[in-house]
Amino acid sequence: MRYISTRGQAPALNFEDVLLAGLASDGGLYVPENLPRFTQEEIASWAGLPYHELAFNVMRPFVAGSIADADFKAILKDTYGVFAHNAVAPLRQLDANEWVMELFHGPTLAFKDFALQLLGRLLDHFLTKRGERAVILGATSGDTGSAAIEGCRRCESVDIFILHPHNRVSEVQRRQMTTILGDNIHNIAIEGNFDDCQEMVKASFADQGFLKGNRLVAVNSINWARIMAQIVYYFHAALQLGGPQRSMAFSVPTGNFGDIFAGYLARNMGLPISQLVVATNRNDILHRFMSGNRYDKDTLHPSLSPSMDIMVSSNFERLLFDLHGRNGALVKELMDNFKQTGKLTVEDERWTEARRLFDSLAVDDAATCATIADVYRDCGELLDPHTAIGVRAARECRRSMATPMITLGTAHPVKFPEAVRKAQVEEPHLPAHLADLFERAERCSVLPNSLTDIQQFVAAHGNRGKPL
Ligand SMILES: *Cc1c(COP(=O)(O)O)cnc(C)c1O
């Protein structure tokens with residue numbers, strides 16, 4: 001499988017190089033040159049497989065030529081073996097033909113574990129084979145950091161540095177990062193906000209002199225391997241509920257357009273999906289595009305669903321690429337213009353196509369809490385605020401009661417107790433494997449909001465705690 005950039009200028013790469021590269025050299029994002037397509041018979045033959053075996057069948061074409069089948073199978077078995085539920089992604093029924101797929105049984109209680117547990121193991125596999133090491137540098141407002149640290153904690157070839165804004169992530173989220181102790185794990189609390197953290201990561205990718213020739217790897221959702229891993233659970237859900245013989249509808253709480261883009265790919269790969277709902281919070285740039293062809297940058301509105309608090313959606317460029325007939329030059333022009341003006345619209349026929357592909361809804365904090373309360377009252381399920389946004393959008397946008405509607409349950413409610421408290425339902429509890437989280441020892445360095453300080457810190461600790 002070869003991968004090409006959405007801006008058409010960077011060289012085509014194989015899976016291994018795409019995994020290690022993250023962003024393409026022309027500033028674009030990598031996408032498969034040709035998407036694999038499965039027949040209905042093929043998909044139907046996967047019914048009843050354990051999650052890791054289904055994952056192998058769905059992802060095999062994407063890694064073809066880069067990793068041997070036996071190695072990939074072993075990695076997948078190990079990856080999904082750490083999930084705390086045997087079904088890995090169990091479905092819960094909320095109402096007639098309405099479901100939530102629980103994607104929060106991984107080590108950090110959010111769906112990001114599906115991709116980052118795999119990404120860490122794949123990185124280790126390729127780096128060990130090459131006899132190389134790599135430094136991971138990432139910024140987090142909460143969920144990505146803990147999932148990335150958990151995914152890389154046992155990687156011999158990786159040192160991971162995660163920046164978070166000091167005193168601005170929830171205590172559960174902070175402890176999920178800072179209680180993972182290891183020579184190769186470095187939590188840095190920045191005296192600044194999330195944007196400061198992200199800016200410093202970007203600047204470090206742009207100028208890597210401080211790394212003394214060591215490789216820098218990105219783990220945010222622009223990394224293709226993360227999207228790839230998320231395609232699998234759409235097939236999993238459909239196969240549990242009578243697919244591919246019947247079609248499914250999905251509602252996806254989204255910020256960076258990563259998780260929902262995986263659903264769009266699943267449909268293009270042959271899975272019958274009749275409806276894909278983009279569910280956003282007040283930070284609704286995606287809903288504004290889908291409903292009015294205006295992808296315009298707005299200010300940030302902090303919400304009760306902080307993992308979806310974004311101003312721009314980094315994976316949206318991958319959809320633009322398809323909407324423009326995979327013409328990289330056109331996408332480059334749009335993105336360059338967006339960078340300057342903060343505004344983007346597409347031609348009418350392309351926008352009509354986007355509307356055919358997706359429905360959308362923006363859900364505010366009040367409606368989020370009301371949905372948590374409704375669902376708790378009606379079926380005893382406690383939703384986290386992100387999942388509640390998905391359920392609300394599913395209910396408002398649903399086109400057919402005869403088609404199963406599946407909302408992706410992106411996080412465990414215990415990660416976001418503020419919203420649950422506001423909904424005035426029961427207090428969420430930590431699951432057994434994290435029950436002692438508040439007693440565990442923490443390790444974290446607090447650094448000033450200064451690029452030089454961060455880069456010096458990485459250089460001084462980037463080789464299993466020793467200087468690079
Ligand atoms: C990251 C995250 C999202 C948004 O996912 P995208 O891929 O950015 O759309 C939604 N909910 C939770 C709990 C998350 O952690």
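Residues numbered from 1 in each chain as written. Predicted model: local features only at pLDDT ≥ 70, side-chain atom pairs only at ≥ 80, totals over all residues. Heavy atoms only, no water.

Novice: So what exactly am I meant to see when it comes to the sheet that holds strand E3 (residues 30-32) here?
Specialist: Pairing between the strands of a sheet comes from backbone hydrogen bonds, and it takes one of two forms, parallel or antiparallel. The antiparallel open sheet is built from 3 strands, whose spatial order is E2-E1-E3. The sheet terminates laterally at strand E2 (13-14) and E3, the two strands that pair on one side only. Sheet analysis places strand E1 (residues 2-5) next to E3, joined by 3 bridges and oriented antiparallel. By the bridge assignment for E3, Ile4 is matched with Val31. (Pairing = 2+ DSSP bridges. Helix = DSSP H or I, 4+ residues; strand = E, 2+ residues; numbered from the N terminus.)

Novice: Any chance you could explain the environment of Ala441 here in plain terms?
Specialist: Examined against the element boundaries, Ala441 turns out to sit in the loop between helix H17 (417-422) and strand E14 (445-447). With relative accessibility at 51%, the residue Ala441 sits in the exposed group. Along the backbone, Ala441 and Gly27 are 414 residues apart, and their C-alpha atoms lie at a distance of 40 Å. The residues touching Ala441, leaving out its near neighbours within four places in the chain, are Thr178, Thr179 and Leu181. (Buried < 20%, exposed > 50% of the residue type's maximum accessible area, 1.4 Å probe, protein only. Contact = heavy atoms within 4.5 Å.)

Novice: Any chance you could explain the site of the ligand here in plain terms?
Specialist: Neighbouring the ligand are 15 residues; Lys112, Asp143, Thr254, Gly255 and Asn256 lie closest to it. Asn256 places a polar main-chain atom, nitrogen or oxygen, 2.8 Å from an oxygen atom of the ligand. A distance of 3.5 Å separates an oxygen atom of the ligand from a polar backbone atom of Phe257. (Near = heavy atom within 4 Å. Polar contact = N/O pair within 3.5 Å; in protein donor to acceptor, adjacent residues only side chain to side chain.)

Novice: What exactly am I supposed to notice about helix H11 (residues 285-292) here?
Specialist: One turn of an α-helix holds 3.6 residues; hence residues three or four places apart share an orientation. What H11 keeps buried is the set Ile285, Leu286, His287, Phe289 and Met290. On its buried face, H11 sits against strand E11 (273-280), helix H12 (316-323), helix H14 (348-357) and strand E12 (359-362). Positive phi shows up at Asn293, right after H11, with a value of about 60°.

Shape is all these values report; function is a separate question.
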